[in-house]
Amino acid sequence: MFRQHDARFEGDMAKTLIVRWSDQKVMRAKLKRAAYRGQATNNEPRYEIAAYRLQKLFLDPEEYVVPPTVLRSMPLKEYHKIEPSPYVGPTFANSSSVFFLFQYWLETVNSEQIYNKKRFESDTLYAKHLGNMNILAYLIEHKDSNIGNFLRSTDLRNALGVVAQFEVQNGQILPVDFTENLKTSRGVRQNGAIIQFGLMHHEIKGVYDRMQHLLKRVDAGKVKII
């Protein structure tokens, strides 16, 4: 990283970074620090990583709606270079690291004229991509969502029950391979050195129920398929 600023306002927990990798390639990214113990109101990294993984169940990579999203950590001393606040401490017990969401920042995009009715009716590719966005927004219960297309089903519990897993090693939090769900009734789980993120049982059931509702509307001809 060689440049960063607060994303929306001074003191914002979310940061916009310009990152330069070892091969000298440069990219812009969003970094948002997780709350203590990994979750808080309006700060649920597991939801963002779950949305990124959910789209993979029915979209091809070139059709993804959510940009590449991962959960990572860095030593507290290093993180203080990004957010030099004495109130920022380790995210999880038995660690000396700060946990954060890291997400690719979309370039050359804006929020103007997202929906064009005439184009939707005449441009099937435009309609397809807009429909993909609406399907994902509906399934994750995004408050500004609309129904828009057809979806094929898969095993949601395996795909969304565990969306990220880490292990505390010498105070650092490192990504590791997934194991079985530690507790289906919790979204952020810690058992000793293992830290796990995922959707709770009732949250996965909500996705499934909305999927079935959508398919019933398709079958009844209430949702147009292009």
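Everything below is about the structure printed above this text.
These lines cover the structure that appears in this document, whether it is placed above or below. (Residues numbered from 1 in each chain as written. Predicted model: local features only at pLDDT ≥ 70, side-chain atom pairs only at ≥ 80, totals over all residues. Heavy atoms only, no water.)

1. Things to note about the packing of aromatic side chains
Then step 1. This model, assessed by the stated rule, comprises six aromatic pairs.
Then step 2. Considering the side-chain rings of Phe99 and Phe166, the 4.7 Å spacing of their centres and the 90 degrees angle between planes classify their relative orientation as edge-to-face. One end of the pair, Phe99, is in strand 5 (residues 97-104); the other, Phe166, is in strand 6 (residues 164-169), with 67 residues separating them in the sequence.
Then step 3. Accessibility expressed as a relative area gives 2% for Phe166, which makes it buried.
Then step 4. Ring plane angle 10 degrees and centroid distance 5.0 Å describe the contact between Phe99 and Phe197, whose orientation is recorded as stacked. On the criterion of sequence distance, the pair formed by Phe99 in strand 5 and Phe197 in strand 9 (residues 194-197) is long-range, its members being 98 residues apart.
Then step 5. Given the relative accessible area of 0%, Phe99 is considered buried.
Then step 6. Residue Phe197 is classed as buried on the basis of its relative accessible area, which comes to 0%. (Phe/Tyr/Trp six-rings, centres within 6.5 Å; stacked < 30°, edge-to-face > 60°. Helix = DSSP H or I, 4+ residues; strand = E, 2+ residues; numbered from the N terminus. Buried < 20%, exposed > 50% of the residue type's maximum accessible area, 1.4 Å probe, protein only.)

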